[in-house]
Amino acid sequence: MFAKAFRVKSNTAIKGSDRRKLRADVTAVFPTLGTDQVSELVPGKEELNIVKLYAHRGDAVAVYVSGGNPILFELEKNLYPTVYTLWSYPDLLPTFTTWPLVLEKLVGGADLMLPGLVVPPAGLPQVQKGDLCAIALVGNRAPVAIGVATMSTAEMLASGLKGKGFSVLHTYQDHLWRSGDKSSPPSIAPLALDPPDLSEEKGSVQADATLQGDMRHLALEGEEEEDEEVQQMCGEKSQSEATEDPSVGGLNPDPTDSKTLQEQMDELLQRCFLHALKCRVKKADLPLLTSTLLGSHMFSCCPEGRQLDIKKSSYKKLSKFLQHMQQEQIIQVKELSKGVESIVAVDWKHPRKGSVLQGSEVRTIVINYAKKNDLVDADNKNLVKLDPILCDCILEKNEQHAVVKLPWDSLLSRCLEKLQPAYQVTFPGQEPIVKKGKIGPIDITLAQRASNKKVTVVRNLEAYGLDPCSVAAILQQRCQASTTITPAPGAKDSLQVQIQGNQVHHIGRLLLASVLQMRKLRFSTLCCGIQLLNVQLGSELCDSVRLHSRGSFYQS
């Protein structure tokens, strides 16, 4: 409803009698709130305004504002809390959980589909059709959206968790949230759950096979799983239990890892930061509030099963971490307004922001990711179920809710097509050179000039580390013909060598035999159909052209 800007009609202060009426309405709609909590939500003496506005679709909405933040809004005589209110009272509404990647879709105006729900071990909250519900993200009970259930919990389970589950009215980061102080959701730990009594649940496993089978990291298929797999799912540790376990600390450390928890959190923090800059933040987003970078981008880049907590790192505060990143010249941070820092510049070409992988490495990473996250279909090993990360990486918008499985060959080819090609060449005694696009060959062509004169033109020498002026001097002596150096048409900062007469075959043999001593070693096909040519420069071998990748799911 508030995905786009709204138009304000009026903004007036609320009188004492209207405040009392509002308190009575809040008590009636939210009976779980005590008298003191209602008085705290609707203060008696502090400033309280009612803002009447029109949403972008024409809906008339009344918004109650206290302390500069919208706390409630009224639509068609129904009262709803905002995310600011739910952050103070997180248990006010029945809460359903989804994944951080889904939040972007909700902010854009999409409703929450049932395949995006995360089913906790205790099961889904019991609601009826039309009930008001809160939506939170995995690992944090602070709600990020408010919506109305389109079906009851029983109907959700009966449908196999398919279809639309909630009509979303308001979200964190929408325009209603922006009308407040734009604070980020607080970190509220999930409720600790007692371990289930397996002896009591043993007889009910088959009856709830669909529900238990959906206790995956994301259930997209909604199909009933085999009993053996159900038992395995029931035995897995929940996300909330992992978060509450002090031995884990949200990091799930490897027993063989010698790093301390603080070092692991430092590593996770840098990884989420670089991943956010590479895959989520765009130039058009700058200047970007540092709080927005953390809440909207870095948290959503945290790998599954791990929780980003800056207080457990050596930096303790986001500002100190960003200062360190500024010292490494990755970003530039400025205080555009008093007490509010923003990222104003990013070095998009910084070496720490990129990864270089060969096509075979990408295939291995995708295969290992699918197996590690149990995405291989149990009935057909040739099919892979798509989780939110894979959906976000390889599916088009119109496929998000239609495609839930892909064959291995289609999955791998789609992954490779989404990556950006580049090439890397290493010369003796020099640092490797990585450039986007495809490396072209040295181009030798015959051209005709005035008076039917023919000249031979040589282009793209710089790509192979050759100085056009030096090559022109050698060719002039060997070919016994005049040479000139001119800018190459259509190529920025590139020169071409022009030699008098038809010297194509002579120059070709000369380059192979004398200048480069170049011999063809092998061709191999990598991502996006790039063919690679390894050439020998003197006695040194050029590195294979590799792929500069920008995907999100293969990060190590």
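Here the structure is a predicted model, which means the values were calculated and not measured.

Asks: What am I meant to see in the overall build of the protein here?
Replies: In terms of helices and strands, the protein carries 18 helices and 27 strands. Here the protein holds 556 residues, and 46% of them are scored as buried. Contacts in the protein between residues far apart in sequence, at least 24 positions, make up 58% of those at least 6 positions apart. Put simply, the protein shows about 29,000 Å² of open surface, and 50% of that area lies on carbon and sulfur atoms.

Asks: Just checking my understanding: could you explain a positive patch on the surface for this structure?
Replies: A cluster of basic residues, K283, K349, K436 and K492, forms a positive patch on the protein surface. With respect to the secondary-structure elements, K492 resides in the loop between β21 (483-487) and β22 (495-500).

Asks: Would you take a moment to explain the pairing of strand β3 (residues 60-66) for this structure?
Replies: A regular strand carries its side chains on alternate faces of the sheet. Here β3 lies mainly inside the structure; five of its seven residues are buried. By the bridge criterion, seven bridges tie strand β2 (residues 48-54) to β3 in an arrangement that is antiparallel. Note on β3: the bridge partner recorded for K52 is A62. Hairpin connection of β2 to β3: five residues between the antiparallel strands, including G58 at a positive phi of 95°. Both β3 and strand β4 (residues 69-75) contribute to a ladder of six bridges, which runs antiparallel. In the sheet register, Y64 faces β4, and the bridge partner there is L72. In this structure, the hairpin formed by β3 and β4 is closed by a connection of two residues, where G67 is found at a positive phi of approximately 60°.

Asks: Looking at this structure, how should I read the environment of L288?
Replies: Structurally, L288 can be placed in strand β11 (residues 288-289). Between the C-alpha atoms of L288 and A345, which are 57 residues apart in sequence, the distance is 9.0 Å.

Asks: Even after reading the chapter, I still don't get helix α13 (residues 318-327), so can you show me in this structure?
Replies: Since one α-helical turn is 3.6 residues long, residues separated by three or four positions face the same way. Three or more residues of α13 are buried, namely L318, F321, L322 and M325. When α13 is viewed along its axis, its buried side chains cluster within an angular range of 95° and face the same direction. The secondary structure elements touched by the buried residues of α13 are α11 (261-279), α12 (290-298) and β12 (331-337). Two residues or fewer past α13, Q329 is found with a positive phi of approximately 65°.

Asks: How should the sheet that holds strand β8 (residues 132-137) be read in this particular structure?
Replies: Sheets are built from strands that pair by backbone hydrogen bonding, the pairs being arranged parallel or antiparallel. Here we have five strands laid out as an open sheet, ordered β6-β8-β9-β10-β7, and mixed in their pairing. The open sheet terminates on both sides in strands that have one partner only, identified here as β6 (95-98) and β7 (112-113). As judged from the five bridges shared by strand β9 (residues 140-149) and strand β10 (residues 164-171), these two strands associate in the antiparallel manner. Among the inter-strand pairings, G147 is bridged to a residue of β10, identified as V168.

Asks: Honestly, the sheet that holds β2 in this entry has me stumped. Any pointers?
Replies: On the basis of which strands lie adjacent, the open sheet formed by five strands has the order β1-β2-β3-β4-β5 and antiparallel pairing. Of all strands in the sheet, those bounded by a partner on one side alone are β1 (7-13) and β5 (78-81). Here the average twist between neighbouring strands, direction ignored, is 25°. Note that β1 and β2 share six bridges and pair antiparallel. Looking at β2, one finds that S10 is bridged to K52. Its contacts with the sheet place helix α1 (residues 16-29) against β2, β3, β4 and β5, and it is angled at close to 80° to β5.

About the thresholds
- Residues numbered from 1 in each chain as written.
- Predicted model: local features only at pLDDT ≥ 70, side-chain atom pairs only at ≥ 80, totals over all residues.
- Heavy atoms only, no water.
- Helix = DSSP H or I, 4+ residues; strand = E, 2+ residues; numbered from the N terminus.
- Buried < 20%, exposed > 50% of the residue type's maximum accessible area, 1.4 Å probe, protein only.
- Contact = heavy atoms within 4.5 Å.
- Areas by Shrake-Rupley, 256 points an atom, 1.4 Å probe, with all protein chains shown as cover.
- Patch = residues over 30% accessible without salt bridge, like charges linked within 9 Å, V, L, I, M, F, W, Y side chains within 5 Å.
- Salt bridge = Lys/Arg side-chain N within 4 Å of Asp/Glu carboxyl O.
- Lys, Arg positive; Asp, Glu negative; His and termini not counted.
- Charge placed at Lys NZ, Arg CZ, Asp CG, Glu CD.
- Pairing = 2+ DSSP bridges.
- Arc of directions from axis to C-beta.
- Axes fitted to C-alpha atoms, helices over the stretch in contact; angles between N-to-C directions.

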